[in-house]
Amino acid sequence: MNPIRRMLVTGGCGFIGSMFIRLELEAHPDLQIVNLDKLTYAGNLENLADVATNPRYQLVRGDIADRELVGKLIGDGGFDAVVNFAAESHVDRSLLDSGPFIQTNVVGTQVLLDASWQAKVGRYLQVSTDEVYGSLGPTGFFTEETSIAPNSPYSASKAAADFLVRAYCHSFDFPGIITRCSNNYGPYQFPEKLIPLFISNALADKPLPVYGTGLNVRDWIHVADHCRGISAALRLGQVGEVYNFGGRQEQTNLEITHLLLEYLGKPASLIKYVTDRPGHDQRYAIDCTKAETQLAWKPQVPFTAGLRETIDWYRQNGDWVQRIKSGAYLKYYEEQYGNRLSS
Ligand code: NAD
Ligand code: TDX
């Protein structure tokens, strides 16, 4: 593979993609990045305001499922690598309407694969999720060998995309790599996901809607650790392989909620138990030994320090949250939580 000098990143205006672009530009002084983003509700130009005028960075507004646009962009782009973050990413939204998930996560991935294959791009990295493995009981971990058993329309669409990448590698010697990570937290996360939703609600003294018993378990990793893993997989990973990333930081949702309330100095009376998420996966836990041994990667951000820093970021960036929590967000919040919080 050629050294990576020019990279196409998709979905770079979202939570993880924006951190990845920032870290890559910092770590690789000769690297040029083109960011293809549709700017959906989750895409926010403010997330990359600090690199917007960097001459090594360029934004193209567009849809990864737009075959003509993507064919031309990748065909003419001279990219050494394509990293696909672009996705519909929220499980609850996929339960309300799975259509956009199939269109972006499955069709969009297929379009990117075709264009990357035609242009002979040297590396293609698919950013996937531990949710494709389904749900665990009280013990055990997901490894790269765990069978794929997605339970939500979101995870089913991510699994379909992973299978397409696998099939292109198998059938065409396509230079694809898949990464699967556990739940990310950190700055710039859209306040529909557990941690930023609960921080921003608590700061406004609004109820924290805990689904079901609150005993579902997630494995939390700081977004910068995930991005460093993707960077390592891109440069050191083997074509056709899958790499899992996780923080070895399992917490029940209630444990997280109480920690947030404690750090924020807010009362437990803000907790409101609401109807469970349909098909709610019980537990995710990642075995990331393969990435640690083969990519010399390990998570670096201690959980409590990372969580405190994240809370501080949301405190200091109330305007960012307020701008998001208006307009279309309010309609979604009412549809998702209206009945649950009024009962
Ligand atoms: P996000 O929702 O914050 O951002 C998604 C970005 O993709 C936005 O900028 C959006 O505008 C863009 N986008 C959506 N549809 C597009 C389309 N059709 N064409 C071009 N751009 C489009 O998501 P995130 O949390 O940053 O997740 C990024 C990736 O990481 C996703 O593929 C997700 O499945 C995966 N992932 C997320 C987590 C997590 O905890 N958030 C964990 C593991 C894997
Ligand atoms: O209001 C809520 N109340 C609640 O109890 C929300 C939004 C969530 N939850 C629970 C559901 C989950 O058990 O918190 C847990 C985390 O929920 P999310 O933040 O929605 O994340 P999750 O469903 O675990 O999926 C996340 O991790 C894997 C990301 O959103 C995915 O993009 C990623 O692939």
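See the structure above.
The following paragraphs examine the structure supplied in this document. (Residues numbered from 1 in each chain as written. Chains lettered and ligands numbered in written order. Predicted model: local features only at pLDDT ≥ 70, side-chain atom pairs only at ≥ 80, totals over all residues. Heavy atoms only, no water.)

One key point about sheets: their strands pair by backbone hydrogen bonds, in either a parallel or an antiparallel sense. In space, the 7 strands of this open sheet follow the order β3-β2-β1-β4-β5-β6-β10, with parallel pairing throughout. Each edge of the open sheet is held by one strand with a lone partner, namely β3 (57–61) and β10 (242–245). Within the sheet, the average angular offset between the axes of one strand and its neighbour, ignoring direction, is 20 degrees. Here helix α4 (residues 99–118) sits on the sheet and contacts β1 (6–10), β4 (81–84) and β5 (123–129); the angle it forms with β5, its principal contact strand, is near 165 degrees. Its contacts with the sheet put helix α7 (residues 223–236) on β1, β4, β5, β6 (176–181) and β10, and the angle it makes with β5 is roughly 145 degrees. (Pairing = 2+ DSSP bridges. Helix = DSSP H or I, 4+ residues; strand = E, 2+ residues; numbered from the N terminus. Axes fitted to C-alpha atoms, helices over the stretch in contact; angles between N-to-C directions. Contact = heavy atoms within 4.5 Å.)

Empty space within the largest pocket amounts to approximately 310 Å³. Surrounding the largest pocket, 15 residues form its lining, Glu144, Arg166, Arg180, Gly240 and Val242 being those nearest its centre. Put simply, the parts of the chain that give the lining of the largest pocket at least two residues each are α5 (153–172) and β6. Among the elements that line the lining of the largest pocket, the one with the most residues is α5, at 5 residues. Looking at the second largest pocket, its volume works out to about 260 Å³. Around the second largest pocket, the lining comprises 15 residues; the ones closest to its centre are Ser200, Ala204, Lys206, Gln322 and Lys325. (1 Å grid on protein atoms, 1.4 Å probe; cavity = no way out; pocket = protein on both sides within 12 Å on 5 of 7 lines; lining within 4 Å. Points joined across faces, edges and corners; volume = space filled by probe spheres on them.)

Time to look at the sheet that holds strand β11 (residues 250–252). With respect to topology, 3 strands assemble into an open sheet ordered β7-β9-β11, the strand pairing being mixed. The open sheet has two edge strands, β7 (183–185) and β11, and neither has a second partner. If you compare each strand with its neighbour and ignore which way they point, the axes differ by 50 degrees on average.

Burial along β10 is two-sided: the residues Val242 and Asn244 and Tyr243 and Phe245 are all buried. The pairing of β6 with β10 spans 4 bridges and is classified as parallel. Note that in β10 the partner of Thr179 across the bridge is Tyr243. (Buried < 20%, exposed > 50% of the residue type's maximum accessible area, 1.4 Å probe, protein only.)

This part covers the pattern of salt bridges. Inspection of every chain in the model, using the stated rule, returns 15 salt bridges. For the salt bridge of Asp162 with Arg180, the shortest nitrogen-to-oxygen distance reads 2.9 Å. Of the two residues, Asp162 is situated in helix α5 and Arg180 in strand β6; the sequence distance between them amounts to 18 residues. Exposure class is identical for Asp162 and Arg180. Each is buried. Residue Arg283 is joined to Glu250 by a salt bridge in which the shortest nitrogen-to-oxygen separation is 2.8 Å. One end of the pair, Arg283, is in the loop between β12 (271–274) and α9 (289–294); the other, Glu250, is in strand β11, and 33 residues separate them in sequence. (Salt bridge = Lys/Arg side-chain N within 4 Å of Asp/Glu carboxyl O.)

As a further point, take the side chain of Ser18. The residue Ser18 is located in helix α1 (residues 15–27) in this model. Dropping the residues within four chain positions of it, Ser18 is found in contact with Gly12, Asn47 and Leu48.

For the coordinates displayed, the defined rule picks out 3 cavities of 30 Å³ or more. Around the second largest cavity, the lining residues are Val91, Glu131, Asn151, Ser152, Arg218, Arg277, Pro278, Gly279, His280, Asp281 and Tyr284. Its residues assigned to classes, the lining of the second largest cavity comprises 3 nonpolar, 4 polar and 4 charged. (Nonpolar A, V, L, I, M, F, W, Y, C, P; charged D, E, K, R; others polar.)

This next bit is on the site of ligand 2. Close to ligand 2 lie 23 residues; Glu131, Tyr154, Arg277, His280 and Tyr337 are nearest. One nitrogen or oxygen atom from the side chain of Glu131 is found 2.5 Å from an oxygen atom belonging to ligand 2. Tyr337 places a side-chain nitrogen or oxygen 2.7 Å from an oxygen atom of ligand 2. When the free accessible area of ligand 2 is taken as 650 Å², the share hidden by the protein chains comes to 94%. If you list the elements that add at least two residues to the shell around ligand 2, you get α3 (91–96), α6 (194–203) and β8 (208–211). Among the residues forming the shell around ligand 2, the class breakdown is 10 nonpolar, 7 polar and 6 charged. (Near = heavy atom within 4 Å. Polar contact = N/O pair within 3.5 Å; in protein donor to acceptor, adjacent residues only side chain to side chain. Areas by Shrake-Rupley, 256 points an atom, 1.4 Å probe, with all protein chains shown as cover.)

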